[in-house]
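Chain and residue survey
Residue strings, one per chain:
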Amino acid sequence: MVEAVLIDLFSLPVHLQSNIQGLLLNTLETIEKCSSIPAPFIYVMCCQRQGSERNSGEESLLPALRDFQSLKTRLEVVCSLTLAAALYTIKQRLDEKDLSIIKVILPAVRKDFMKIYIDHLFTAVYQFEFEDLQVVLDCENLQRAEAWNEEQALPMQDVGLIRSEIQMYLESLPSLKGELTILRSSLIPGDIFLHGFTTRTGGISYIPTLSSCNLFSSAKRRDPQVVVKENLRRLANAAGFNPETFHRVKTDHANAVCIMGKREPDSYDGIVTNLKGVTIAAPGADCIPMLFADPVRKACGAAHSGWKGTLLGVSMATVNAMVSEYGCNVKDILVVLGPSVGPCCYKLPRESAKEFHKIDPKCVRQFDSACPYIDIRRATRILLESGGILPENIQDDSVTDQNQNITLCTACHPDKFYSHFRDGTNFGTQIGFISIKD
């Protein structure tokens, strides 16, 4: 069932946009009479001329719109200078109302062109169907339209131009929820390594549970990859790394480790490198983003450790990869645990809790309950120390100076961090990142 209708007048030449009241009238009548729901949300998209008033397009369409009182509260004209800006504005309206099934009514010649924009600005959460907008023109206008279509043939095929338009628009958007903030550890030497853990502020993601510096996109979420890429660009500028040489783990909640420069596994939760200028990262939104640094051999690593990865030993798998690949001494490796869900909030079913109880009974609180509280950080420290990492070379929430504590509970700080545990399935993601300075 269609929840929203997008009528694309943006694609028509300016000299035709002012002469389509009759066409729009017929289209709205059809929607009003034939819609499977009483009144779907309708967005009329048109091109705004440079230097014109923002509402000029709406005013020119008023003769066709004023008769539709049943649609009045659900009809909006969106005028923008670029197609990227118009579609992104409409996407915000759809997300505010949690709408996902959209019909796009547009001239047939523009269908493939529109699909490229949609592929970049939307995710698989949304479903689109297309219907031809029947533009009836006289002979003179027909010749002009054919000439316009011919002029538009190149950009219709040029994905690069579309990407550039989208990128320029996203770069122009203001940051949300304050300035971009990076948490850094005093344990990792700043003269050798560039590193940090992100928070949720300073990006452009606007959906509440993803706002604002979300750094992960998937088919199940409403934040498209282009928005995540823009958030990453802003992070890279603030932190001082090159986003073109950025590599994030492909999480599988297991213990595989990728060695940079060797064949990349299909999925892995750890990554290591000794290449300068390459930034590696691990996500976290309750799971622990972990950073590893060896200032002697000048090698580093990052790992994503949830409860499954913790039990499977992803932390020591990352350490062992640094030892075997780069000749690191385990006693030289520094490990920092980033923001993650704390033992104050995190629960698991008792069967899973038993495995943490085996590591150390102190890793489990209220063990006899159906869902005991779990301390995956303590379990991680115990496993690291058992593998040879020196206790003083591990930074976690056990630090005595709380001003130095960056292993904060993600669930307890909604203003600072994303949390799957707290926010549900449409959650945002922060990262821990590290690189060896040139």
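Values in this document were obtained by computation on a predicted structure and should not be read as measured data.

A word on the nonpolar core
Counting 38 residues, the largest nonpolar core has M45 and L170 as the members making the most contacts within it. Sorting the residues of this core by element identifies β1 (4-8), β2 (41-47), α4 (83-96), β4 (101-106), α5 (111-121), α8 (159-172) and α9 (225-239) as the ones contributing at least two each. With eight residues, the top contributor of residues to this core is α4. Three or more residues apiece are contributed to this core by two domains, here domain 1 (4-49 + 60-138 + 151-172) and domain 2 (182-436). Residue contacts for M45: discarding those within four places in its chain leaves L6, I7, D8, L9, F10, V78, L83, A86, L87, I90 and M114. Residues V272, A303, V335 and C345 belong to the second largest nonpolar core, which totals 35 residues.

Observations concerning the confidence of the model for the protein chain
Put simply, the protein chain has an average pLDDT of 88, and 84% of its residues get 70 or more. When the criterion is pLDDT under 50, residues 136-151 qualifies, and its contacts beyond four places in sequence or with other chains add up to twelve contacts.

A closer look at the packing of α8 against α9
A pair of packed helices is characterised by two quantities: the angle between their axes and the separation of those axes. The N-to-C vectors of α8 and α9 enclose an angle of 55°; their axes lie 10 Å apart at closest approach. Comparing the axis directions of α8 and α9 gives the class oblique. Between α8 and α9 lies a crossing whose hand is right-handed. Here I166, L170 and E171 of α8 lie close against α9, whose contacting residues are V226, V227, E230, R233 and R234. Classifying every residue of the contact of α8 with α9 gives four nonpolar, no polar and four charged.

Side note on the environment of E351
Along the polypeptide, E351 turns up in helix α12 (residues 350-359). Sequence separation between E351 and C371 is 20 residues; the distance between their C-alpha atoms is 8.9 Å. Among the polar contacts made by the side chain of E351, one reaches the side chain of K354 at a distance of 3.0 Å.

Observations regarding unusual backbone geometry
For the peptide bond that leads from S211 to S212, omega is 5°, which places it in the cis range. Relative to the assigned elements, S212 resides in the loop between β7 (193-198) and α9. We note that K298 has phi near 55°; this positive angle belongs to a residue other than glycine. Positionally, K298 belongs in the loop between β12 (288-294) and β13 (299-305). Owing to a relative accessible area of 38%, K298 belongs among the partly exposed residues under this scheme.

Focus: the sheet that holds strand β8 (residues 246-248)
Backbone hydrogen bonds are what pair the strands of a sheet, in a parallel or an antiparallel way. What the five strands build is an open sheet, ordered β6-β7-β18-β11-β8; its pairing is mixed. Only two strands of the sheet have a single partner each, and these edge strands are β6 (182-183) and β8. Sheet analysis places β6 next to β7, joined by two bridges and oriented antiparallel. In the sheet register, L183 faces β7, and the bridge partner there is F197.

Section: the environment of R297
Along the chain, R297 falls in the loop between β12 and β13. Residues R297 and G327, 30 residues apart in the sequence, show an inter-C-alpha distance of 7.3 Å. Among all residues touching R297, those that are not within four sequence positions of it are Y326, G327 and C328. A polar contact is formed between the side chain of R297 and the backbone oxygen of Y326, at a distance of 3.0 Å.

Quick look at the packing of aromatic side chains
Any two aromatic rings considered together are summarised by their centre-to-centre distance and by the angle between their planes. In total, this model carries eight aromatic pairs according to the counting rule given. Arranged with centres 5.8 Å apart and planes meeting at 70°, the rings of Y88 and Y169 form a pair that is edge-to-face. Linking Y88 in helix α4 with Y169 in helix α8, this pair joins segments that are 81 residues apart in sequence. A relative accessible area of 2% places Y88 in the buried class. Residue Y169 is classed as buried on the basis of its relative accessible area of 19%. Relative to F421, the ring of Y346 has its centre 6.2 Å away and its plane inclined at 70°; by these criteria the two rings are edge-to-face. Highlighted residues: Y346 in the loop between β14 (334-337) and α12 and F421 in helix α14 (residues 420-423), separated in sequence by 75 residues. What makes Y346 buried here is its relative accessible area of 12%. By the ring-pair criterion, three or more aromatic residues cluster together here, those being Y88, Y169 and Y206. Sitting above the plane of the F41 ring, R74 keeps its charged end 4.3 Å from the centroid.

Examining helix α11 (residues 314-326)
Under the 1.5 Å per step criterion, the end-to-end length of α11 is 18 Å for 13 residues, consistent within 8% with the ideal 18 Å. All of the buried residues along α11 are V314, S315, M316, T318, V319, A321, M322 and Y326. Residues of α11 that are buried sit in contact with β9 (257-259), β10 (270-273), β12, β13, α10 (307-312) and α13 (376-386). Looking one or two places after α11, you find G327, whose phi comes out positive at around 70°.

So, how was this worked out
- Residues numbered from 1 in each chain as written.
- Predicted model: local features only at pLDDT ≥ 70, side-chain atom pairs only at ≥ 80, totals over all residues.
- Heavy atoms only, no water.
- Core = buried A, V, L, I, M, F, W, Y, C linked by side-chain atoms within 4.5 Å.
- Buried < 20%, exposed > 50% of the residue type's maximum accessible area, 1.4 Å probe, protein only.
- Helix = DSSP H or I, 4+ residues; strand = E, 2+ residues; numbered from the N terminus.
- Domains from an automatic or database assignment.
- Contact = heavy atoms within 4.5 Å.
- pLDDT = per-residue confidence, 0-100.
- Axes fitted to C-alpha atoms, helices over the stretch in contact; angles between N-to-C directions.
- Parallel < 35°, antiparallel > 145°, perpendicular 65-115°, else oblique.
- Left-handed = near helix turned anticlockwise from the far one by under 90°.
- Nonpolar A, V, L, I, M, F, W, Y, C, P; charged D, E, K, R; others polar.
- Polar contact = N/O pair within 3.5 Å; in protein donor to acceptor, adjacent residues only side chain to side chain.
- Pairing = 2+ DSSP bridges.
- Phe/Tyr/Trp six-rings, centres within 6.5 Å; stacked < 30°, edge-to-face > 60°.
- Lys NZ or Arg CZ within 6 Å of the ring centre and 35° of its normal.
- Expected span 1.5 Å × (residues − 1).

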